[in-house]
Amino acid sequence: MINDRNGRRDFLRHLAVLAASGGAAALVPQLRMIGSALAQTPSASSGYKALVCVYLSGGNDAWNMLVPSDARYPTYAASRSGVYNTTSNPGGLALDKTQLLSLTGATGSGSSNYGMHPSMPELRTLYNAQKLAFVANIGTLVKPITKTDYATTANRPPQLFSHSDQENLWHVGTAQDNTSGWGGSSASILKSTFPNANTTLSPCISISGSNKFEVGPGTIPYQMSSGGLSNLSGVCNPSGCSGSSGQRDVALNMMLADTYQSTLAGGYAQVMQRGRDLFAFLNGGLAGPDGTLTTTFPTGNSLADQLKMVARMIKLSRAQNYATRQIFYVRFGGFDLHAGLMSAGNSNHAALLGKVSQALNAFWNALGDIGAQSEVTAFTMSEFARTLSSNGSGSDHGWGSLQMVMGGAVQGGKLYADGGNPAVTGFPDQTINLVNGNNTNPVAFARGQFIPGIGVEQYAATLANWMGVTDTSAQNAIFPNLVNFNPAFRKLGFLG
């Protein structure tokens, strides 16, 4: 054992390196939650709700997820450079109309005028069962604008068509940078209105590493992997084992209990202790009946693996009364398809959408098995859609996109495409008619990049409102550009 203070600090520093390869995901996110009691006596909780953000990284080519199958189909096909054919038209990005999955959806919704991508039969079933909705032509906006307004830089979001910048704006929920994400900010507000019985476990939980979306004032996401919690190597998990691991464990506990002159060192020790305590607190529950599922999830599908862990945490949180409000984050990449978008293989767009459909369907079934379908809303985000026109074998960065919302509370089987801007409303006209290099289409640029008709603020505020952030001033604080939109469309209709 190491008895001198410097030696103990060196050991702690080396252990931190070790933890980074295994347990850091459970340690570092708790830095700003030091001082809370680990386990409190749960109070009676009612009205559990959870949001699950499914981030499709890379810019999903969403205009092939939902395709007009009526008289507009020829315009779609022409603008997508024709129907893809491996020999006669390898540069085409349009789907064959006969392969589209027909939709029924809600009565009077016009669903029969559209077809879904053939790789998404599971989500087609959920749409027709009115548990899934589409939100069309949504993107980052400072305010509703027309094509003429776009010429003024102040009227449009910064760094359009940049992956990192647009992802950041989707995460913060506004067309300007912010230190907090809209999920984390919502969680911070909800803490006072809907306090969680366990204040040590963050209301924001990420299954896909650090993210800005879940960071808010006094809120940092707790990070897990799709496989669950990670052990610290070479010590007890939890304390109390024997042998050399037990000796190291005793030494570690002595150092964690030490008094440090350095605020950083002392804070780090507290963070590590918090991580160990949370591991001991959650690990047993996840391994028990309250943390296991009977639903079968698809294998070889990283999104399904992440959503399975979310479902386990939801089941555990509800059974043990850990939380009243929770926000989860998962991430699925590969959508930056500048090439090979339509070609065969496991990484083309069809394969990616197939995995999304299967993963969300398994998650929906798991929620049904644990009785939580009406309490959980899952939604997609992605930087932007992509150009309608082909670049040869793929598509490039666009703007307005299409997102999906799934849940028992969702008013599904419908397409929501009205953000209150009369100049840009409805499912967008997909015409590309170039005159001197400019598209005459008033809502699209030269290659079919759409001006959004719905702002991220409206989409996110609708989700936050469902969670309980209903106060107008609170919404304006999280979404400062929301005041620029039609007041009648502060909340969209997909969550009733």
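Below is a short write-up of the structure. If you're wondering where the values come from, they're calculated on a predicted model, not measured in any experiment.

### Overview of the overall build of the protein chain
- Secondary structure assignment for the protein chain yields twelve helices and 14 strands.
- For a compact globule of 496 residues, the expected C-alpha radius of gyration is about 23 Å, and the protein chain comes in at 24 Å, within 12% of that figure.
- Projected onto its principal axes, the C-alpha coordinates of the protein chain cover approximately 80 × 45 × 40 Å.
- Per-residue burial over the protein chain gives 56% buried out of 496 residues.
- If you take every contact in the protein chain between residues at least 6 apart in sequence, the share linking residues at least 24 apart comes to 74%.
- Of the roughly 18600 Å² of accessible surface on the protein chain, a fraction of 51% belongs to carbon and sulfur atoms.
- Within the protein chain, one finds 31 positive and 25 negative side-chain charges whose respective centroids are separated by 3 Å.

### Some remarks on the packing of aromatic side chains
- Tallied over the full model, the rule gives 18 aromatic pairs.
- Aromatic pair phenylalanine 379 and tyrosine 459: ring centres 6.2 Å apart, planes at 80°, arrangement edge-to-face. You can see phenylalanine 379 sitting in strand E9 (residues 376-381) and its partner tyrosine 459 sitting in helix H11 (residues 456-467), a full 80 residues away along the chain. One exposure class covers both phenylalanine 379 and tyrosine 459, and it is buried.
- Measuring from centroid to centroid gives 5.8 Å for tyrosine 459 and phenylalanine 494, while their planes differ by 50°, and the two rings are tilted. Taken together, the positions of tyrosine 459 in helix H11 and phenylalanine 494 in the segment after helix H12 (472-478) put the pair 35 residues apart, joining distant regions of the chain. Each member of the pair, tyrosine 459 as well as phenylalanine 494, is classed as buried.
- Of the aromatic side chains, those joined through ring pairs into one cluster are Trp170, Trp182, Phe213, Tyr329, Phe379, Tyr416, Tyr459, Phe479 and Phe494.
- In this arrangement the basic side chain of arginine 325 is found over the ring face of phenylalanine 194, its NZ or CZ atom lying 3.8 Å from the centre.

### As for the pattern of salt bridges
- If you walk through the whole model with that rule in mind, you get eight salt bridges.
- Residue arginine 72 is joined to aspartate 70 by a salt bridge in which the shortest nitrogen-to-oxygen separation is 3.0 Å.
- Assessed through its relative accessible area of 31%, arginine 72 is described here as partly exposed.
- Where arginine 447 meets aspartate 396, a salt bridge forms, and the shortest distance between an N and an O atom there is 2.6 Å. Within this pair, whereas arginine 447 is found in the loop between strand E13 (438-439) and strand E14 (454-455), its partner aspartate 396 is found in the loop between E9 and strand E10 (401-407), the two being separated by 51 residues in sequence.
- Assessed through its relative accessible area of 18%, aspartate 396 is described here as buried.

### Here we look at the sheet that holds strand E2 (residues 66-68)
- In spatial order, the strands read E2-E4-E3; together these three strands make up an open sheet with antiparallel pairing. One side of each edge strand has no neighbouring strand; the edge strands of this open sheet are E2 and strand E3 (101-102).

### Re helix H7 (residues 243-257)
- With 15 residues, H7 extends 21 Å between its outermost C-alpha atoms, agreeing within 8% with the 21 Å of an ideal straight helix rising 1.5 Å per residue.
- The set of residues buried in H7 consists of Gly246, Asp249, Ala251, Leu252, Met255 and Leu256.

### Re unusual backbone geometry
- One non-glycine residue, serine 81, lies in positive phi territory at about 65°.
- Taking the relative accessible area as the measure of exposure, serine 81 reaches 29% and is therefore partly exposed.
- The phi torsion at glutamine 159 lies on the positive side, around 55°, for a residue other than glycine.
- With respect to the secondary-structure elements, glutamine 159 resides in the loop between strand E5 (132-139) and helix H5 (163-172).

### Side note on the nonpolar core
- Of all hydrophobic cores here, the largest spans 91 residues; its most connected members are Leu307, Met313, Ile314 and Phe363.
- A total of ten residues in this core trace back to one element, the largest contributor, which is helix H10 (residues 349-369).
- Counting 37 residues, the second largest nonpolar core, distinct from the first, contains Phe379, Tyr416, Ala460 and Leu492.

### Here's the deal with the state of the cysteines
- Per the stated rule, a full pass over the model turns up one disulfide.
- There is a disulfide in this structure between cysteine 236 and cysteine 241, and the S-S distance comes to 1.8 Å. Disulfide cysteine 236-cysteine 241: torsion about the S-S bond near -80°, hence left-handed.
- Since its relative accessible area comes to 1%, cysteine 236 is described here as buried.
- Since its relative accessible area comes to 36%, cysteine 241 is described here as partly exposed.
- Considering cysteine sulfurs only, cysteine 204 is the nearest to cysteine 53, which forms no disulfide, with 11 Å between them.

### Looking at H5
- With seven of ten residues buried, H5 lies mostly within the body of the structure.
- Listed as buried for H5 are Gln166, Glu167, Asn168, Leu169, Trp170, His171 and Val172.
- Immediately beyond the C-terminal end of H5, within one or two residues, lies glycine 173, with a positive phi of roughly 80°.

How each quantity is defined
- Residues numbered from 1 in each chain as written.
- Predicted model: local features only at pLDDT ≥ 70, side-chain atom pairs only at ≥ 80, totals over all residues.
- Heavy atoms only, no water.
- Helix = DSSP H or I, 4+ residues; strand = E, 2+ residues; numbered from the N terminus.
- Rg over C-alpha atoms; globule rule 2.2 N^0.38 Å.
- Buried < 20%, exposed > 50% of the residue type's maximum accessible area, 1.4 Å probe, protein only.
- Contact = heavy atoms within 4.5 Å.
- Areas by Shrake-Rupley, 256 points an atom, 1.4 Å probe, with all protein chains shown as cover.
- Lys, Arg positive; Asp, Glu negative; His and termini not counted.
- Charge placed at Lys NZ, Arg CZ, Asp CG, Glu CD.
- Phe/Tyr/Trp six-rings, centres within 6.5 Å; stacked < 30°, edge-to-face > 60°.
- Lys NZ or Arg CZ within 6 Å of the ring centre and 35° of its normal.
- Salt bridge = Lys/Arg side-chain N within 4 Å of Asp/Glu carboxyl O.
- Pairing = 2+ DSSP bridges.
- Expected span 1.5 Å × (residues − 1).
- Core = buried A, V, L, I, M, F, W, Y, C linked by side-chain atoms within 4.5 Å.
- Disulfide = S-S within 2.5 Å.

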